[in-house]
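Okay, here's what each chain looks like letter by letter:
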Amino acid sequence: HPNSGIVFKLLSGALAGATAGFMVYPNDTVRRILQMDASGASSKERQYTSAFDCWKKTYRSGGIPRFYRGLVPYIIRMAPNSAVQFGMYETIKQHVLTD
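Attention in this report is confined to the structure presented alongside it. (Residues numbered from 1 in each chain as written. Predicted model: local features only at pLDDT ≥ 70, side-chain atom pairs only at ≥ 80, totals over all residues. Heavy atoms only, no water.)

## Side note on helix 2 (residues 51–67)
Every α-helix winds through 3.6 residues per turn, so residues three or four apart in the chain are directed the same way. The terminal C-alpha atoms of helix 2, which comprises 17 residues, lie only 13 Å apart, well short of the 24 Å expected from a rise of 1.5 Å per residue. S61 marks where helix 2 bends most, by close to 95°; the proline P65 follows one to four residues later. Buried residues belonging to helix 2 abut helix 1 (6–38). (Helix = DSSP H or I, 4+ residues; strand = E, 2+ residues; numbered from the N terminus. Expected span 1.5 Å × (residues − 1). Bend = angle between axes of the 7 residues up to and from the residue. Contact = heavy atoms within 4.5 Å.)

The following block contains the structure:
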């Protein structure tokens with residue numbers, strides 16, 4: 001709504017950021033695992049052959065919860081960032097577009 005207050009905009013941004021973070025976090029977990037697997041190891045020493053292989057082995061070893069390990073600190077960092085970004089964008093847009 002165009003006349004929504006700044007608090008509503010900030011809360012909307014925080015919720016959107018937290019939701020997006022929750023949705024993409026499993027992919028981020030696989031990315032981090034693959035980065036750690038590749039750092040300083042020769043191709044013969046690597047545990048994973050592909051991202052799909054990492055997904056399968058990670059699921060087998062820890063189930064769904066393994067993909068979300070560390071989510072809370074990530075959300076604590078992500079939500080305020082998204083709140084400010086979204087809130088400021090919407091507030092500035094509202095002031096620029098109204099004459």
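Right, picking up where we left off after that structure.
## Thoughts on the pattern of salt bridges
In total, this model carries 4 salt bridges according to the counting rule given. Two residues, R32 and D28, come together in a salt bridge whose shortest N-O distance is 2.8 Å. Within this pair, R32 and its partner D28 are both found in helix 1, separated by 4 residues, close to a single helical turn. Residue R32 is classed as partly exposed on the basis of its relative accessible area, which comes to 28%. (Salt bridge = Lys/Arg side-chain N within 4 Å of Asp/Glu carboxyl O. Buried < 20%, exposed > 50% of the residue type's maximum accessible area, 1.4 Å probe, protein only.)

## Looking at helix 1
With 33 residues, helix 1 should reach 48 Å at 1.5 Å per residue; the first-to-last C-alpha distance of 45 Å fits that figure. V24 marks the point of greatest bend in helix 1, at about 45°, and the proline P26 comes within the next four residues. Among all positions of helix 1, only K9, G13, A14, G17, G21, Y25, P26, D28, T29, V30, I33 and D37 are buried. The elements touched by buried residues of helix 1 are helix 2 and helix 3 (71–97).

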